[in-house]
Amino acid sequence: MTDRPHPALSAADPELAELVFAEERLQAETLRMIASENYVSRAVLEASGTALQNKYSEGYAGRRYYEGQQNIDRVERLAVARAKDLFGVEHANVQPYSGSPANLAVHLAFAEPGDTVLGMSLPMGGHLTHGWGVSATGTWFRGVGYGVRRDTGLVDLDEVRELALKERPKIIFCGGTAVPRTIDFAAYAEIARESGAVLVADIAHIAGLIAGGAHPSPVPYADVISTTTHKTLRGPRGAMLMSREEHARALDRAVFPGLQGGPHNQTTAAIAVALHEAASPAFREYAHAVVANARALADELLARGFDLVSGGTDNHLILMDLTSRKVPGKVAAKALDRAGIVVNHNAVPYDPRKPFDPSGIRIGTPALTSRGLGTDRMSAVADWIDRGVRAAGSGDEDALAAIRREVAELMAAHPAPGLPG
Ligand code: DSN
């Protein structure tokens with residue numbers, strides 16, 4: 001890595017610049033396996049650090065509350081057009097600040113306070129903003145949760161249907177943060193139709209896989225699609241809402257003025273760049289490689305005796321239940337971090353442990369695939385995780401340090417996209 005890649009920042013605020021350099025080094029040297037993280041391209045990084053951030057633009061292109069929107073309108077129209085093309089949708093709103101406000105906007109658009117919303121429970125793999133109690137979506141609305149079967153680790157669609165017909169929710173969410181298997185959008189759509197609910201597919205985790213053809217698309221089935229832009233889609237920290245034209249007005253009004261003020265124009269620009277990149281043949285290859293890596297890694301982990309929720313993966317994500325290893329998820333995650341492998345502790349379905357000290361870890365392949373690691377490397381990655389979890393159990397810091405050196409060597413051979421180097 002070259003010295004001082006951010007000269008203005010270094011001169012103006014060396015203390016802060018040092019922290020940025022340290023983070024860039026950390027991201028370069030470690031094996032980043034948090035399933036929701038990635039590396040954006042230099043182009044996306046540059047777009048998100050432009051003077052577009054100086055501009056206020058409440059409203060939508062052609063209908064703003066501030067003047068001087070000649071360029072901003074074109075940026076937003078470009079991002080919207082690219083989203084519509086890439087996903088094949090009639091309407092796209094690129095203004096939500098991130099996934100949580102995007103999902104709250106969906107509630108504002110389709111439900112009144114106190115109305116029932118059905119979503120996957122957080123401990124089963126769902127997201128906080130699908131009606132979970134501690135979130136505004138579960139406080140202002142009445143969240144009802146569905147789960148996965150204890151024996152298969154798969155969503156029980158019969159249970160979803162029963163709950164939907166009993167509770168008559170205004171909104172049904174499918175998708176989540178720890179769902180390792182293909183989502184059956186058609187089945188959810190049938191349940192939503194029977195129960196009179198709006199179906200929202202939260203594709204935040206798998207948006208890039210869908211764009212790249214490595215996961216089925218919800219577009220023919222879901223009324224609304226909610227997504228962040230920074231996970232497998234490899235864009236900036238942001239979000240989008242997509243729908244058929246009939247829901248466009250409700251969604252737009254919910255985002256602005258319902259929930260937000262001025263859009264973050266620099267983020268809109270970076271989303272446009274990411275969508276352009278995601279439309280390329282190279283991105284299709286990337287999306288398929290992410291899934292191939294996750295499947296290969298799951299097989300390697302199973303061969304080493306690990307328990308995986310649902311027995312494996314169809315996408316980019318693997319949920320490991322460490323109960324049989326007698327190492328709590330948090331202890332394992334912290335030990336792996338010291339070994340240069342960055343993951344998060346995660347609840348597993350029917351977890352007997354508490355959410356902040358759960359039984360599992362969640363891992364994923366989007367970031368390591370962006371660095372060019374292929375299926376041939378997944379045996380080494382599984383070995384490191386195996387050795388790391390064992391070392392976590394025995395408190396063997398030397399073993400963790402040895403893994404960290406091996407990881408750093410491999411990472412040095414695979415430069416991280418977007419980072420100064
Ligand atoms: N924080 C995201 C994730 O890790 O899945 C969800 O919001």
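These remarks concern the structure in this document. Quantities reported herein were computed from a predicted structural model and do not represent experimental measurements. (Residues numbered from 1 in each chain as written. Predicted model: local features only at pLDDT ≥ 70, side-chain atom pairs only at ≥ 80, totals over all residues. Heavy atoms only, no water.)

Examining the packing of aromatic side chains
This is how it is decided: Aromatic rings from Phe, Tyr and Trp, with only the six-membered ring used for Trp, were paired whenever their centres fell within 6.5 Å, and each pair was classed as stacked if the ring planes differed by under 30 degrees, edge-to-face if by over 60, and tilted otherwise. A helix here means a DSSP run of H or I that spans at least four residues, while a strand means a run of E at least two residues long, and both kinds are numbered starting from the N terminus. Here the term buried applies to any residue with accessible area under 20% of the maximum for its type, exposed to any over 50%, and partly exposed to those in between, with areas from a 1.4 Å probe on protein chains only. Any Lys NZ or Arg CZ found within 6 Å of a ring centre and within 35 degrees of that ring's normal is scored as a charge over the ring.
Applying the stated criterion across every chain, the model contains four aromatic pairs. Judged by centre distance (5.7 Å) and plane angle (20 degrees), the ring pair of Tyr 56 and Tyr 66 falls under stacked. Remark: Tyr 66 occurs in the loop between β3 (63-64) and α4 (70-87) and Tyr 56 occurs in the loop between α3 (42-48) and β2 (59-60); sequence separation between them is ten residues. The exposure class assigned to Tyr 56 is exposed, which follows from its relative accessible area of 51%. Plain terms: the ring middles of Tyr 146 and Tyr 188 are 6.0 Å apart, the flat faces sit at 45 degrees to each other, and that makes the pair tilted. Of this pair, Tyr 146 sits in strand β6 (residues 142-146) while Tyr 188 is found in helix α8 (residues 185-195), placing the two residues 42 residues apart along the sequence. Per residue, the accessibility class of Tyr 146 equals that of Tyr 188, and both read buried. Here the basic side chain of Arg 234 rests over the ring of Tyr 286, its NZ or CZ set 3.9 Å away from the ring centre. Above the face of the Phe 306 ring, Arg 325 is positioned so that its terminal group lies 3.8 Å from the ring centre.

What about the side chain of His 205?
The test is simple: The definition of a polar contact used here is a pair of N or O atoms within 3.5 Å, where within protein one atom must be able to donate a hydrogen and the other to accept one, and adjacent residues in sequence count solely through side-chain atom pairs. Contact criterion: two residues are considered in contact whenever any of their non-hydrogen atoms come within 4.5 Å of each other.
Residue position: His 205 is located in the loop between β8 (198-202) and α9 (207-211). In this structure His 205 comes out as buried when scored by relative accessible area, which is 5%. At 2.9 Å, the side chain of His 205 forms a polar contact with the side chain of His 316. His 205 has contacts with Ala 35, Ser 36, Gly 176, Thr 177, Lys 231, Thr 232, His 316, Leu 317 and Arg 362, leaving out every residue within four places of it along the chain.

Re the site of the ligand
This is how it is decided: If even one non-hydrogen atom of a residue comes within 4 Å of a molecule or strand, that residue is called near it. Accessible areas in this description were obtained via Shrake-Rupley with a 1.4 Å probe; residue shielding takes into account the shown protein chains only. Of the grid points, spaced at 1 Å and generated over the protein atoms alone, those admitting a 1.4 Å probe that cannot get out make up cavities, while open sets with protein on both sides within 12 Å along at least five of seven lines make up pockets; any residue with an atom within 4 Å of a point is treated as lining. In this description, a molecule resides in a pocket or cavity if more than half of its atoms sit within 2 Å of the grid points defining it. Residues were grouped as follows: Ala, Val, Leu, Ile, Met, Phe, Trp, Tyr, Cys and Pro as nonpolar; Asp, Glu, Lys and Arg as charged; and all remaining residues, including Gly, as polar.
Taken together, the residues surrounding the ligand are Ser 36, His 127, Thr 177, His 205, Lys 231 and Arg 362. One of the side-chain nitrogen or oxygen atoms of His 205 is found 2.7 Å away from an oxygen atom of the ligand. In this structure, Arg 362 approaches the ligand through a side-chain N or O atom, which is 2.8 Å from an oxygen atom. Considering the ligand on its own, with 230 Å² of exposed area, one finds that the protein chains cover 63% of that surface. According to the grid-proximity analysis, the pocket containing the ligand is the largest pocket. By residue class, the composition of the shell around the ligand is no nonpolar, four polar and two charged.

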